[in-house]
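Descriptive structure summary
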Amino acid sequence: MDSSAENPLSAPADRSIATDAPIDATGGAMAPSPAVVQALRRVLRPLVKLMLQNGVTIQYLNELLKRLFVEVADKDFRLDEKPSTDSRVSLLTGVHRKDVSRIRSLSSSEQDDGPSIVPLGTQVVSRWTAQPRYLNDDGSPKALPRMASEGGEVSFEALVSGINSDIRSRVVLDELLRLGVVSLTEQGRVKLNTHAFVPSKGADEKAFYLGHNLGDHACAAVRNVMGQEAPFMERSVHYSGLSAMSIRQLGQMAEHMGMKALLSVNQTAMEAEACDRNDPSEQPVHRMTMGIYFYSERAEDADASASGDEDRA
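Predicted model, so just to flag it, every value in this text is computed and none were measured.

The rules behind each value
Residues numbered from 1 in each chain as written. Predicted model: local features only at pLDDT ≥ 70, side-chain atom pairs only at ≥ 80, totals over all residues. Heavy atoms only, no water. Helix = DSSP H or I, 4+ residues; strand = E, 2+ residues; numbered from the N terminus. Buried < 20%, exposed > 50% of the residue type's maximum accessible area, 1.4 Å probe, protein only. Contact = heavy atoms within 4.5 Å. Areas by Shrake-Rupley, 256 points an atom, 1.4 Å probe, with all protein chains shown as cover. Axes fitted to C-alpha atoms, helices over the stretch in contact; angles between N-to-C directions. Parallel < 35°, antiparallel > 145°, perpendicular 65-115°, else oblique. Nonpolar A, V, L, I, M, F, W, Y, C, P; charged D, E, K, R; others polar. Salt bridge = Lys/Arg side-chain N within 4 Å of Asp/Glu carboxyl O. Phe/Tyr/Trp six-rings, centres within 6.5 Å; stacked < 30°, edge-to-face > 60°. Core = buried A, V, L, I, M, F, W, Y, C linked by side-chain atoms within 4.5 Å. Left-handed = near helix turned anticlockwise from the far one by under 90°. pLDDT = per-residue confidence, 0-100.

Thoughts on the overall build of the protein
On a plain count of helices and strands, the protein comes out with eleven helices and two strands. By residue count, 21% of the 313 residues in the protein fall in the buried class. Long-range pairs, those at least 24 residues apart, make up 56% of the contacts in the protein with a sequence separation of at least 6. For the protein, the exposed area adds up to about 22,000 Å²; of that, 55% sits on carbon and sulfur atoms.

Things to note about helix H3 (residues 86–93)
Listed in full, the buried residues belonging to H3 are Arg88, Val89, Ser90, Leu92 and Thr93. Considering only its buried residues, H3 is in contact with helix H2 (58–76) and helix H4 (97–104). Looking at the residues trailing H3, positive phi occurs at Gly94, about 85 degrees.

Considerations on the packing of helix H5 (residues 117–130) against helix H8 (residues 169–179)
The interhelical angle for the contact between H5 and H8, taken along N-to-C directions, is 90 degrees, at an axis separation of 11 Å. By the angle between their axes, H5 is roughly perpendicular relative to H8. Judged by residue contacts, Ile117, Leu120, Gly121 and Val124 of H5 engage Val172, Glu175, Leu176 and Leu179 from H8. Here the contact of H5 with H8 is built from residues that sort into six nonpolar, one polar and one charged.

Section: the environment of Val95
Tracing the backbone through its elements, the reader meets Val95 in the loop between H3 and H4. Overall, Val95 belongs to the buried group, its relative accessible area being 8%. The sequence separation of Val95 and Lys66 amounts to 29 residues, and the corresponding C-alpha distance is 6.5 Å. Those residues in contact with Val95 that sit more than four places away from it in its chain are Lys66, Phe69, Val70, Ser90 and Val100.

Some points on the pattern of salt bridges
Enumeration according to the criterion identifies 13 salt bridges in this entry. Here Asp74 and Arg104 are joined by a salt bridge, their closest N and O atoms 2.7 Å apart. Here the residue Asp74 occupies a position in helix H2, and Arg104 occupies one in helix H4, the gap between them amounting to 30 residues. A residue is classified by how much of its surface remains accessible, and Asp74, at 18% relative accessible area, is buried. Its salt-bridge partner being Arg102, residue Asp99 comes within 3.4 Å of it at the nearest N-O pair. A residue pair is termed a helical-turn pair when its members lie 3 or 4 positions apart in one helix, as Asp99 and Arg102 do in helix H4 at three residues. One network of salt bridges, with partners in common, ties together Glu63, Lys66, Arg67, Asp99 and Arg102.

With respect to the packing of aromatic side chains
This structure, assessed with the given rule, holds two aromatic pairs. Aromatic side chains Phe208 and Tyr209 sit 5.3 Å apart centroid to centroid with 85 degrees between the ring planes, which places their arrangement in the edge-to-face category.

A closer look at the nonpolar core
It is characteristic of soluble globular proteins that their nonpolar side chains tend to be buried jointly. Formed by 22 residues in total, the largest nonpolar core has its most connected members in Val124, Trp128, Phe156, Leu176, Val181, Val182 and Phe197. For this core, the secondary-structure elements that each account for two or more residues are H5, helix H7 (156–161), H8 and strand S2 (190–192). Here the element with the most residues in this core is H5; it accounts for six residues. Counting seven residues, the second-largest nonpolar core is a separate cluster that includes Val70, Ala73, Val100 and Ile103.

Describing the packing of H2 against H3
Axes are the key here: two packed helices are described by the angle between their axes and the distance separating the axes. Where H2 meets H3, the axes come as close as 10 Å, and the angle between the chain directions of the two elements is 115 degrees. When the axes of H2 and H3 are compared, the crossing they make is right-handed. From H2, Phe69, Val70 and Ala73 reach across to H3, where they touch Val89, Leu92 and Thr93. Of the residues that constitute the contact of H2 with H3, the class distribution is five nonpolar, one polar and no charged.

Quick look at the confidence of the model for the protein
On average, residues of the protein score 83 in pLDDT, and 83% of them are at 70 or above. Taken together, the stretch residues 1–28 has pLDDT below 50 and engages in 51 contacts with residues farther than four places along the chain or on a different chain.

Thoughts on unusual backbone geometry
Phi at Asp80 takes a positive value of approximately 55 degrees, unusual for a residue other than glycine. Owing to a relative accessible area of 69%, Asp80 belongs among the exposed residues under this scheme. If you check the backbone angles, Glu81 has positive phi at about 60 degrees while not being a glycine. Its place among the elements puts Glu81 in the loop between H2 and H3. On the basis of relative accessible area, Glu81 is assigned to the exposed category, the value being 68%.

Quick word on the side chain of Asp216
If you trace the backbone, Asp216 turns up in helix H9 (residues 203–226). Here Asp216 falls in the buried class, since its relative accessible area comes to 18%. Beyond its immediate chain neighbours, meaning those up to four positions away, Asp216 contacts Gly211, Arg287 and Thr289.

Right, dumping it as structure tokens:
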């Protein structure tokens, strides 16, 4: 499929990585494999770019990483399911024992669930693109009358109240308009601009989905590499030596086919959620994410980044 040497269909690696960091004779953690370091550099490079653009300094990141290292070591690297001592967490992470003690004493209430409009906006768009009453004959979402007095059950007000009757539909509409998710037609109807909750505006909302989507993708990829459980689906197709026109065509194809797959999974998941909620034998405590992405750049830019990593690794 590709004239280059790289494999276009990347599969989960077979090699397992131990869950406990190996310790050398001096009591310090041994250096990770060059392959893991190279992967980390590639993953972190765009995140460093985002951090620099948003004023995140190395000092700020260092404190954030300390907390994350302690949290992960404390949760995922326990022995016999018993809480680890500060000394063991310090040995695993390299974080000073006094910092470990300080971090573990912090309140978990500092965590923020993200902008409040995100979960509600996601549900609005999901129902709008899945329930037949809100769809045209060709499967596209209808432009909805704003009020139930105009469209009854097939209105934006009814759509919102069916999800959360405590929030006025006007408040939700104003937020979705601000984010560019919906727009108003000349007739005053509410038109959905996207088949998924992808704000064209709103930095906080975009950042929320950066963490959600990239975080879940990373969780799937890391579990596959660690090889401790059955692998998640995680595949990609990658080619080099393409023209700008071919990239545009492939991007359009990826968007069309990707949205078709996402809408199909969305409809099935919504039906399953309703069924599971009414089944006393089931415990609906699980969540899932299915994501699709497309990325392109000039091949020489990618080569320059890769060679820079190799020169300084």
